[in-house]
Amino acid sequence: MNWIILIIAGLFEVGFTTCLKLSNNFSNIKWSVGFFICIALSFMLLNKAAQTLPMGTAYAVWTGIGAVGTVIVGIIYFNEPATFWRIFFICTLIGSIAGLKFFASH
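Scoring rules and cut-offs
Residues numbered from 1 in each chain as written. Predicted model: local features only at pLDDT ≥ 70, side-chain atom pairs only at ≥ 80, totals over all residues. Heavy atoms only, no water. Helix = DSSP H or I, 4+ residues; strand = E, 2+ residues; numbered from the N terminus. Buried < 20%, exposed > 50% of the residue type's maximum accessible area, 1.4 Å probe, protein only. Contact = heavy atoms within 4.5 Å. Areas by Shrake-Rupley, 256 points an atom, 1.4 Å probe, with all protein chains shown as cover. Expected span 1.5 Å × (residues − 1). Phe/Tyr/Trp six-rings, centres within 6.5 Å; stacked < 30°, edge-to-face > 60°. Lys NZ or Arg CZ within 6 Å of the ring centre and 35° of its normal. pLDDT = per-residue confidence, 0-100. Axes fitted to C-alpha atoms, helices over the stretch in contact; angles between N-to-C directions. Parallel < 35°, antiparallel > 145°, perpendicular 65-115°, else oblique. Left-handed = near helix turned anticlockwise from the far one by under 90°. Nonpolar A, V, L, I, M, F, W, Y, C, P; charged D, E, K, R; others polar.

Draft legend 1. Highlighting the overall build of the protein chain. The helix and strand inventory of the protein chain stands at four helices and zero strands. Put simply, the protein chain runs from its N terminus to its C terminus through helices and strands in the order α-α-α-α. Principal axes of the C-alpha set define a box for the protein chain whose edges measure 45 × 35 × 15 Å. Counting across all 106 residues of the protein chain, residues that qualify as buried make up 34%. Taking contacts inside the protein chain between residues at least 6 apart in sequence as the whole, the part at least 24 apart equals 68%. A total of about 6,600 Å² of accessible surface is found on the protein chain, and carbon and sulfur atoms cover 74% of it.

Okay, here's the thing in structure tokens:
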């Protein structure tokens, strides 16, 4: 169950980075509120998951989900480049996240 909580926490990390971009330096109230809601939920869920998962693994997986998700959102919604090397390294990051999950002691 804590792995599911950790994945949800990572998705809220993607939410807060996306809201941060859309908040236009916190001048757009709607996206600014979204940022603060997502960041609070992300950290609360990370804290919950890290109570039973190894802290280093939980943090690495959380940031990895956030990084991969943020890059994907950037490519799809903000027309950021999807070069071969960028996709290649995102795939290696996904592999690393999966490895941490499958080889974690819990």
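Let's pick the thread back up.
Draft legend 2. Quick peek at helix 3 (residues 55–77). Helix length check: helix 3, at 23 residues, gives a terminal C-alpha distance of 32 Å against a target of 33 Å (1.5 Å per residue), a fit within 8%. Positive backbone phi, at 55 degrees, marks asparagine 79, one or two positions downstream of helix 3.

Draft legend 3. Inspection of unusual backbone geometry at higher detail. Residues other than glycine seldom take positive phi values, yet asparagine 25 does so here, at roughly 60 degrees. Inspection of the secondary structure assignment puts asparagine 25 in the loop between helix 1 (2–22) and helix 2 (29–49). At asparagine 79, a residue that is not glycine, the phi angle is positive and equals roughly 55 degrees. Relative to the helices and strands, asparagine 79 is located in the loop between helix 3 and helix 4 (84–102).

Draft legend 4. The packing of aromatic side chains, seen in detail. Within this structure, the stated rule accounts for eleven aromatic pairs. Pairing phenylalanine 26 with phenylalanine 35 gives two aromatic rings, centres 5.2 Å apart and planes at 70 degrees, and the pair type is edge-to-face. Residue classification places phenylalanine 26 among the partly exposed residues on the basis of a relative accessible area of 36%. Ring centres 5.0 Å apart and planes at 80 degrees place the aromatic pair phenylalanine 35 and phenylalanine 36 in the edge-to-face group. Linked through ring pairs, Phe16, Phe26, Phe35 and Phe36 together constitute an aromatic cluster. The residue whose ring lies beneath lysine 21 is phenylalanine 78, and the NZ or CZ to ring-centre distance is 5.4 Å.

Draft legend 5. Spatial organisation of the confidence of the model for the protein chain. Here the protein chain shows a mean pLDDT of 94. Residues at 70 or above account for 97%. Averaged pLDDT values for the elements of the protein chain fall to 92 in helix 4 and rise to 98 in helix 2.

Draft legend 6. Spotlight on the packing of helix 1 against helix 2. Where helix 1 contacts helix 2, the axes come no closer than 7 Å and their chain directions differ by 155 degrees. Taken together, the axes of helix 1 and helix 2 lie roughly antiparallel to each other. Helix-helix and strand crossings are classified by hand; for helix 1 and helix 2 the assignment is left-handed. Contacts between helix 1 and helix 2 involve Asn2, Ile5, Leu6, Ile8, Ala9, Phe12, Glu13, Gly15, Phe16, Cys19, Leu20 and Leu22 from the former and Trp31, Gly34, Phe35, Cys38, Ile39, Leu41, Ser42, Leu45, Leu46, Lys48 and Ala49 from the latter. Considering only residue class, the contact of helix 1 with helix 2 consists of 17 nonpolar, four polar and two charged.

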